[in-house]
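Structure at a glance
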Amino acid sequence: RVIDKNLTISTGVRIYDGDIYFSEVSKIWKIDNIENWLNSNPAIEEFPQKILVTDNLPSDTWHGWKWLKHDLQGRLYFNVGAPCNICLSDNPQYASILRLEGNEWAHVAKGVRNSVGFDFHPISNKLFFTDNGRDWLGDDTPSCELNRIDFDGQFFGFPFKHASNVIDPEFGDMNTGYDFVDPIYELGAHVAPTGISFYNGNMFPKKMQNNLFIALHGSWNRTKKVGYKLIRIEIDGQGNAINSTDFISGWLYNGNVFGRPSAPFIKKDGSLLLSDDKANVIYRITYK
């Protein structure tokens, strides 16, 4: 359904309390009671009333994709990626995960190069997020990351340090004053993690309860392609990643790419939806 033919959507879409939120690079909008509007407006030419949530965001398209998520209090979280492969910026919004509080934004995490996926743990409610590692340091370094936020304002290394132990050759010798937080799991170099989702349904086997599903969108600048699959990571009671297994693969075969998984989503019936932005489809995965 057409919302507004003049919008440039930047991937982020989220429904909360009956309202739909969606993002452009520099703006976030919402439409109240979206299902009521859809049911009462069958004509595709009619546009709903969209409400501006915020327009106080950078307009850089490099890493401009947004991921939207609400916490239990209804506060909206979103990312602002770095406007570069590797750089420093005077704008504190860059390379961050932010939270809207009224009309103001606050830092949830800093030093985050480009997170395009985060979710709250179903039990601890701590925020877990992936981060895409920098380019042009070789095929196998640095690794993309899975991180856990234990308190607001933690610093996760960019642009000074990457993964667990890769010091940046350009910015690594600077005295930052930050305590760097290492990832809880390294996902591999250039795998490009995008959407993530904790499994809290009842359809899949019990051992998958509270596991984290991560879509690896796939490499674009590596000699031998990697990624292009959906993985499942087991998280223990302390919030540590203890094991990773391939959940769906096969989109990469003999160097040829047949699909690029983008984001998993858990339905209320316990099945899993997975978008593929190369094949332009949404898969539904069930278990019996």
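Quick summary incoming for the structure in this document. (Residues numbered from 1 in each chain as written. Predicted model: local features only at pLDDT ≥ 70, side-chain atom pairs only at ≥ 80, totals over all residues. Heavy atoms only, no water.)

**Looking at the packing of aromatic side chains**
- Going through the model one piece at a time under the given rule, you end up with 14 aromatic pairs.
- Ring centres of Phe-129 and Phe-156 lie 5.0 Å apart, and the angle between their planes is 85 degrees; this geometry places the pair in the edge-to-face category. Placement of the pair is Phe-129 in strand β10 (residues 127–131) and Phe-156 in the loop between β12 (154–155) and β13 (161–162), with a sequence separation of 27 residues. The residues Phe-129 and Phe-156 share a single accessibility class, namely buried.
- Put simply, the rings of Phe-155, Phe-160, Tyr-178 and Phe-180 pair up and form one aromatic cluster. (Phe/Tyr/Trp six-rings, centres within 6.5 Å; stacked < 30°, edge-to-face > 60°. Helix = DSSP H or I, 4+ residues; strand = E, 2+ residues; numbered from the N terminus. Buried < 20%, exposed > 50% of the residue type's maximum accessible area, 1.4 Å probe, protein only.)

**Thoughts on the sheet that holds strand β22 (residues 261–266)**
- Pairing is antiparallel across the open sheet formed by three strands, whose spatial order is β22-β23-β24. The open sheet terminates on both sides in strands that have one partner only, identified here as β22 and β24 (281–285). Strand-to-strand twist of the sheet, defined as the mean angle between neighbouring strand axes without regard to direction, takes the value 20 degrees.
- Pairing analysis gives five bridges linking β22 to strand β23 (residues 272–276), with the strands arranged antiparallel. Note on β23: the bridge partner recorded for Phe-265 is Leu-273. (Pairing = 2+ DSSP bridges. Axes fitted to C-alpha atoms, helices over the stretch in contact; angles between N-to-C directions.)

**Some details on the pairing of strand β18 (residues 229–235)**
- For β18, a buried count of five out of seven residues is recorded, marking the element as mostly surrounded by other parts of the structure.
- Relative to β18, strand β17 (residues 212–216) runs antiparallel, the two being bridged by five bridges. Bridge assignment links Phe-213 to a residue of β18, and that residue is Arg-232.
- Hairpin connection of β18 to strand β19 (residues 241–248): five residues between the antiparallel strands, including Gly-239 at a positive phi of 85 degrees.

**Notes on the environment of Phe-128**
- Tracing the backbone shows Phe-128 in strand β10.
- Phe-128 sits in the buried class, given a relative accessible area of 0%.
- Considering only alpha carbons, one finds Phe-128 and His-70, 58 residues apart in sequence, at a separation of 13 Å.
- Those residues in contact with Phe-128 that sit more than four places away from it in its chain are Gly-117, Phe-118, Asp-119, His-121, Leu-146, Asn-147, Arg-148, Ile-184, Ile-196, Phe-198, Ile-235 and Gly-239. (Contact = heavy atoms within 4.5 Å.)

**Here's the deal with unusual backbone geometry**
- In the segment running from Thr-141 into Pro-142, the intervening peptide bond is cis, with an omega of -10 degrees.
- Mapped onto the elements of the fold, Pro-142 is located in the loop between β10 and β11 (143–149).
- Of note, the amide linkage connecting Phe-158 to Pro-159 takes the cis form, showing an omega dihedral of 0 degrees.
- Checked against the element boundaries, Pro-159 lands in the loop between β12 and β13.
- If you check the backbone angles, Asn-33 has positive phi at about 45 degrees while not being a glycine.
- Given the relative accessible area of 42%, Asn-33 is considered partly exposed.
- One non-glycine residue, His-190, lies in the positive phi region at around 65 degrees.
- Among the structural elements, His-190 can be located in the loop between β15 (185–189) and β16 (193–198).

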